[in-house]
Amino acid sequence: MAEKMNITEPLSDYIVSDRAGQLPQPVSERAKIHILDTFGAMISGSALKPATVAIDFVRSQAGPRDPTVVASNVSTGAILAALANAMTAHADETDDAHFPTVTHPGSVILPAALGVAEIGHRSGRELVTAIVLGYDVMCRINKAFDRGWMGKRGLHAGSLCAVFGAAAAASRLLSASAQQVRHALALAATQASGVNTWRQDPEHIDKALCFSGAPARNGVTAALMAQAGFTGTATVFEGEENFFKAFSENSHPEEVIKELGSRYEILDTSIKKYPAGQPIQATLEGYFTLVKQHHLDGRRIQKIVVRLPDTQARTINDRHMPDVNCQYMLAVAMLDGKIDFQNSHDFERMHDPQVLELKKRVELVADSELTKIFPAVRSAIVEIITVDGGEFKILVDRMPGAPYNPLSAEELEEKFLSLSIPVLGEQRSRTIAKTVHDLENLADVAMLTALLSR
């Protein structure tokens, strides 16, 4: 199928078209919410190890001095800025998540687009267009693959496909021709990479590189190479040797251009309410809902049973990182009565005797019925049993922040400020939020990136 269907040409033509810039107002508004959310992830993540090692690395590299590395005093070339900003965006699991593909587009697409927009003094409206376009390309190509088949072979589909979204967003901001875009897509395919060995890294650095840093860097590299005259095959998705054939036996390339320009992947992307991994969002919402409704004292809880879809349960079962460890997060929720950026990223506290004792009260169960509706619905069943015999249970199937129950602009701004103010201060954080809210009227993205530097 992949050898016969023409994908590369119509995709490239759309990327450079006027049509791609004619976004419905709800899509533009949603894009601004995701841009602000990703800035929040970058700013809050800037102090975590995946971000600090990336920032130190790009600081040490010689090269042109232009694009800003968010929440730092570093400016560097567009390629390295994309790498550092993307790793920073995915350093703390606060970034957005695309439901159908289980990917994190914001942490790839915004970092890839931001530096190119800053160098080119592009407008805020042009940045919004590039972001929406990047989400569409990244997520659609991901949908075209059999991700289960790839996963069993150790391939990370999200990383392999995200590079195309980054290349598309950067190419749009570089005012590339359709022919240059075709070359950029081919050059992106040549650099596509991603294996699931990140699961074995205890410090989240390899994951931040795999999910976000590498595809953002490589996508920008591909776009800049094409602009500089590099060439590649014009049929990367359907030629005799093509990207789909290389990485999957069961591909559906028609998904790449299906409803392009009328259906937008950013609308199927969630924003996390809590500063924690996506698989734990419904669990935390269920816990805090029961505590509030029934006036429960966390320290008087005898047992918590959490039921999740199979893959979600495996992802957060007693993991080595606090923000993706279900037992740890519920233990500190019981102790502190809240989850915030500090307690969700406290590695030392994972060894606290009180936390260890409360973790024993949490039972995590993979539920086959919930697995059937995943990934379209990220649900959880939470049951709390108190020391005096009370039993309380809730099904969370309308998770706040999900595409079918999105956070409002006001709720997102509150989240952003909670993440940004401790790093950049209140006045600047509120100015950033206001600037993004009015992004379509911003003449030069460099005015925004100046606010994001330290």
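Everything discussed here concerns the structure shown above.
So, here is what we can say about the structure in this document. (Residues numbered from 1 in each chain as written. Predicted model: local features only at pLDDT ≥ 70, side-chain atom pairs only at ≥ 80, totals over all residues. Heavy atoms only, no water.)

**Digging into the side chain of Lys143**
And then number 1: You can see Lys143 is positioned in helix H6 (residues 124–143).
And then number 2: Reaching out from Lys143, the side chain makes a polar contact with the side chain of Glu265 at a distance of 3.1 Å.
And then number 3: Beyond its immediate stretch of four places on either side in the chain, Lys143 contacts His98, Pro100, Thr101, Glu255, Arg263 and Glu265. (Helix = DSSP H or I, 4+ residues; strand = E, 2+ residues; numbered from the N terminus. Polar contact = N/O pair within 3.5 Å; in protein donor to acceptor, adjacent residues only side chain to side chain. Contact = heavy atoms within 4.5 Å.)

**Section: the packing of helix H2 (residues 25–45) against helix H5 (residues 106–119)**
And then number 1: The geometry of H2 relative to H5 is characterised by a closest axis approach of 10 Å and an angle of 90° between their N-to-C directions. Classified by the interaxial angle, the pair formed by H2 and H5 is roughly perpendicular. Only Gly106, Ser107, Leu110, Pro111 and Leu114 of H5 make contact with H2, whose side of the interface consists of Ile35, Thr38, Phe39 and Met42.
And then number 2: Grouping the amino acids of the contact of H2 with H5 by side-chain chemistry returns six nonpolar, three polar and no charged. (Axes fitted to C-alpha atoms, helices over the stretch in contact; angles between N-to-C directions. Parallel < 35°, antiparallel > 145°, perpendicular 65-115°, else oblique. Nonpolar A, V, L, I, M, F, W, Y, C, P; charged D, E, K, R; others polar.)

**A few points about unusual backbone geometry**
And then number 1: Of note, the bond from Phe374 into Pro375 is cis; its omega dihedral lies within 30 degrees of zero at 10°.
And then number 2: Tracing the chain through its elements places Pro375 in the loop between helix H16 (368–372) and strand E5 (380–386).
And then number 3: One non-glycine residue, His121, lies in positive phi territory at about 50°.
And then number 4: Of note, Glu259 is a non-glycine position whose phi angle comes to about 55°, a positive value.
And then number 5: Among the structural elements, Glu259 can be located in the loop between helix H11 (243–247) and strand E2 (269–270).

**Thoughts on the packing of aromatic side chains**
And then number 1: The tally for this structure, following the rule as stated, stands at 11 aromatic pairs.
And then number 2: Seen from their ring centres, Phe145 and Phe243 are 5.6 Å apart, and the 85° between their planes marks the pair as edge-to-face. Of this pair, Phe145 sits in the loop between H6 and helix H7 (147–152) while Phe243 is found in helix H11, placing the two residues 98 residues apart along the sequence.
And then number 3: You can call Phe145 buried: its relative accessible area is 4%.
And then number 4: Seen from the ring of Trp198, Lys207 lies directly overhead, with NZ or CZ sitting 5.4 Å from the centre.
And then number 5: Above the plane of the ring of Phe99 lies Arg378, whose end atom (NZ or CZ) is 4.1 Å from the centre. (Phe/Tyr/Trp six-rings, centres within 6.5 Å; stacked < 30°, edge-to-face > 60°. Buried < 20%, exposed > 50% of the residue type's maximum accessible area, 1.4 Å probe, protein only. Lys NZ or Arg CZ within 6 Å of the ring centre and 35° of its normal.)

**Topic: the pairing of strand E3 (residues 301–308)**
And then number 1: Judged from the six bridges that link them, E3 and E5 form a sheet pairing that is antiparallel. Bridging from a neighbouring strand, Ile301 pairs with Thr386 of E5.
And then number 2: In terms of strand pairing, E3 meets strand E4 (residues 362–366) through five bridges, oriented parallel. Its bridge partner being in E4, Val306 is matched across the sheet by Leu364. (Pairing = 2+ DSSP bridges.)

**Notes on the sheet that holds E3**
And then number 1: The four strands lie next to each other as E4-E3-E5-E6, forming an open sheet whose pairing is mixed. Looking at which strands have only one partner, the edges of the open sheet turn out to be E4 and strand E6 (391–396). The average angle at which neighbouring strand axes cross in this sheet is 15°, direction not considered.
And then number 2: Across six bridges, the pairing between E5 and E6 is antiparallel. Bridge pairing in E6 places Val382 opposite Ile394.

Distances and angles like these do not, on their own, reveal function.
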